[in-house]
Amino acid sequence: MNGATPGRHLVLVGLMGAGKTTVGRKCASRLGRDFVDTDDVVTALAGMPVSDIFATAGEAHFRALERQAVADVCASPARLVVATGGGVVMDAENRAHLRASGFVVWLRAPVAVLAARCGDGSTRPLLANGGTAALERLLALRAPVYEAVADVTIDTDGRDAGSVATDVLDAFKKVSA
Ligand code: S3P
């Protein structure tokens, strides 16, 4: 069976600070699936952290590696829980892979909440010149895309990761029942 499992990947999308990694890990452990973060796959492909890729090779190179990471992860025969980098959905090829192989959940939160969760943004190059303003700009640009690509949207404002994970899994189980 090559480790193949039935069903779809469970894919989390949303801006930096949305809680994709924390919620994704919880969902994976409750489902008994492996968890993959596309930023980790990119880091492995490049042999350096995301911030170093931006600094040494630029965002375009990061996005090319990210496209490779999304294609690889979506092609996994074992069904996974996938946390995506916040910008993954801005690429049409990525959106097609995610929609074709996954159930996509947008974890939504207001900018103030995202900014608080991102802290000083030191590991996130796109927040280097002022986190809140950058997040506002990115949310305006990306919200319609998150909405369009997602099967379901879950608001995370004021909620702990455990209860968000419960909502994610309830929505996922409805379609996989
Ligand atoms: C990015 C989000 C980051 C990472 C990179 C670019 C973005 O991932 O992929 O810094 O474009 O929003 P997280 O959303 O996991 O922080």
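Here, the structure is the one placed above.
Remember, it's a predicted structure, so these values are computed and weren't measured experimentally.

Moving on to the overall build of the protein. Per the secondary structure count, the protein includes 8 helices and 5 strands. The order of α-helices and β-strands along the protein, N terminus first, is β-α-β-α-α-α-β-α-β-α-α-β-α. A compact globule built from 177 residues should have a C-alpha radius of gyration of about 16 Å, and the protein, at 15 Å, falls within 12% of that. The C-alpha extent of the protein, read off along each of the three principal axes, is 45 × 35 × 25 Å.

What follows concerns the layout of surface pockets. For the largest pocket, the calculated volume is near 630 Å³. Along the wall of the largest pocket there are 29 residues; nearest its centre are Met16, Asp37, Asp39, Thr123 and Arg124. Every element with two or more residues in the lining of the largest pocket is listed here: helix H1 (20-31), helix H2 (38-46), helix H3 (50-57) and helix H4 (59-74). Taken together, the residues of the lining of the largest pocket sort by class into 9 nonpolar, 11 polar and 9 charged.

Each pair of packed helices can be described by the angle between their axes along with the distance between the axes. Running from amino to carboxyl end, helix H6 (residues 111-118) crosses helix H7 (residues 131-149) at an angle of 130°, the nearest separation of the two axes being 9 Å. Between H6 and H7, the interaxial angle falls into the category oblique. The two elements H6 and H7 cross, and the hand of that crossing is right-handed. Every residue of H7 that contacts H6 at Val111, Leu114 and Ala115 is listed here: Thr132, Leu135, Glu136 and Leu139. Classifying every residue of the contact of H6 with H7 by side-chain character gives 5 nonpolar, 1 polar and 1 charged.

We now examine the site of the ligand. In the vicinity of the ligand there are 14 residues, among which Lys20, Asp39, Arg63, Arg124 and Arg142 approach most closely. The contact in question runs from an oxygen atom of the ligand to an N or O atom on the backbone of glycine 86, over 2.9 Å. Within the side chain of arginine 142, a nitrogen or oxygen atom sits 2.7 Å from an oxygen atom of the ligand. Considering the ligand on its own, with 380 Å² of exposed area, one finds that the protein chains cover 96% of that surface. A molecule is said to occupy a pocket when more than half its atoms come within 2 Å of that pocket's grid points, and by this definition the ligand occupies the largest pocket. At 3 residues, the largest contribution of residues to the shell around the ligand is made by H4. Tallied by class, residues from the shell around the ligand come to 5 nonpolar, 3 polar and 6 charged.

Judged by nonpolar contacts, the single largest core of 58 residues is most densely connected at Leu10, Val13, Leu107 and Val168. Here this core takes 8 residues from H7, the largest share from any one element. Beyond its immediate stretch of four places on either side in the chain, leucine 10 contacts Cys27, Leu31, Arg33, Leu80, Val81, Val82, Phe103, Val105, Val168, Leu169 and Phe172.

Right, let's get into the packing of H4 against helix H5 (residues 92-101). The interhelical angle for the contact between H4 and H5, taken along N-to-C directions, is 15°, at an axis separation of 10 Å. Viewed along their axes, H4 and H5 adopt a mutual orientation that is roughly parallel. The element H4 and its partner H5 pack so that their crossing is left-handed. Mapping the contact onto sequence places Arg67, Val70, Ala71 and Cys74 in H4 and Glu93, Asn94, His97, Leu98 and Ser101 in H5.

So, on to H4. Note: α-helices contain 3.6 residues per turn, so residues at a spacing of three or four share the same orientation. Its 16 residues give H4 an end-to-end C-alpha distance of 22 Å, which sits within 8% of 22 Å, the value for a rise of 1.5 Å per residue. Every buried residue of H4 is accounted for by Phe62, Arg63, Leu65, Glu66, Ala69, Val70, Val73 and Cys74. The buried residues of H4 occupy an angular sector of 165° when the element is viewed end-on, so they sit on one face.

Cut-offs applied
- In every chain, residue numbers begin from 1 and rise along the written sequence.
- Side-chain atom pairs in this predicted model are given and counted only at pLDDT of 80 or more, local residue features only at pLDDT of at least 70, and totals for whole chains, interfaces and linings cover all residues.
- Excluded from the side-chain calculation are hydrogens and water; included are all heavy atoms of the structure.
- Helix and strand definitions here come from DSSP, where helices need a minimum of 4 consecutive H or I residues and strands a minimum of 2 consecutive E residues; each element is numbered from the N-terminal end.
- For the radius of gyration, the atoms used are the C-alpha atoms, and the globule rule reads 2.2 Å times the number of residues raised to 0.38.
- In this analysis a 1.4 Å probe is tested at points of a 1 Å grid over the protein atoms alone, and where it fits but cannot get out there is a cavity; an open set with protein on both sides within 12 Å along at least five of seven lines is a pocket; lining residues have an atom within 4 Å of a point.
- Grid points are joined across faces, edges and corners, and a volume is the space filled by probe spheres set on the points.
- Here the nonpolar group is Ala, Val, Leu, Ile, Met, Phe, Trp, Tyr, Cys and Pro; Asp, Glu, Lys and Arg are the charged ones; every other residue, Gly included, is treated as polar.
- Every axis corresponds to a line fitted to the C-alpha atoms, with the helix fit spanning only the stretch in contact, and the corresponding angles, defined between N-to-C directions, vary from 0 to 180 degrees.
- Roughly parallel covers angles under 35 degrees, roughly antiparallel covers those over 145, roughly perpendicular covers 65 to 115, and oblique covers all other angles.
- Helix crossings fall into two classes, left-handed where the near helix is turned counterclockwise from the far one by less than a right angle and right-handed where it is turned clockwise.
- Contact definition: two residues touch when any of their heavy atoms are within 4.5 Å.
- Only a single heavy atom is needed: when it lies within 4 Å of a molecule or strand, its residue is near that molecule or strand.
- Here a polar contact is recorded for every N or O atom pair within 3.5 Å, except that within protein the pair must consist of a potential hydrogen donor and a potential acceptor, and residues adjacent in sequence are included only if both atoms are side-chain atoms.
- To be clear on the numbers: accessible area is Shrake-Rupley with a 1.4 Å probe, and residue cover counts the displayed protein chains and nothing else.
- Pocket or cavity membership: a molecule qualifies when more than half of its atoms sit within 2 Å of the grid points of that site.
- Working definition of a nonpolar core: buried Ala, Val, Leu, Ile, Met, Phe, Trp, Tyr and Cys residues. They are joined through side-chain atoms within 4.5 Å.
- Between buried and exposed lies partly exposed: a residue is buried under 20% and exposed over 50% of the maximum accessible area for its type, with that area taken using a 1.4 Å probe on protein chains only.
- The span expected for a helix works out to 1.5 Å for each residue beyond the first.
- The arc in question is the one traced by the directions running from the helix axis out to the C-beta atoms.

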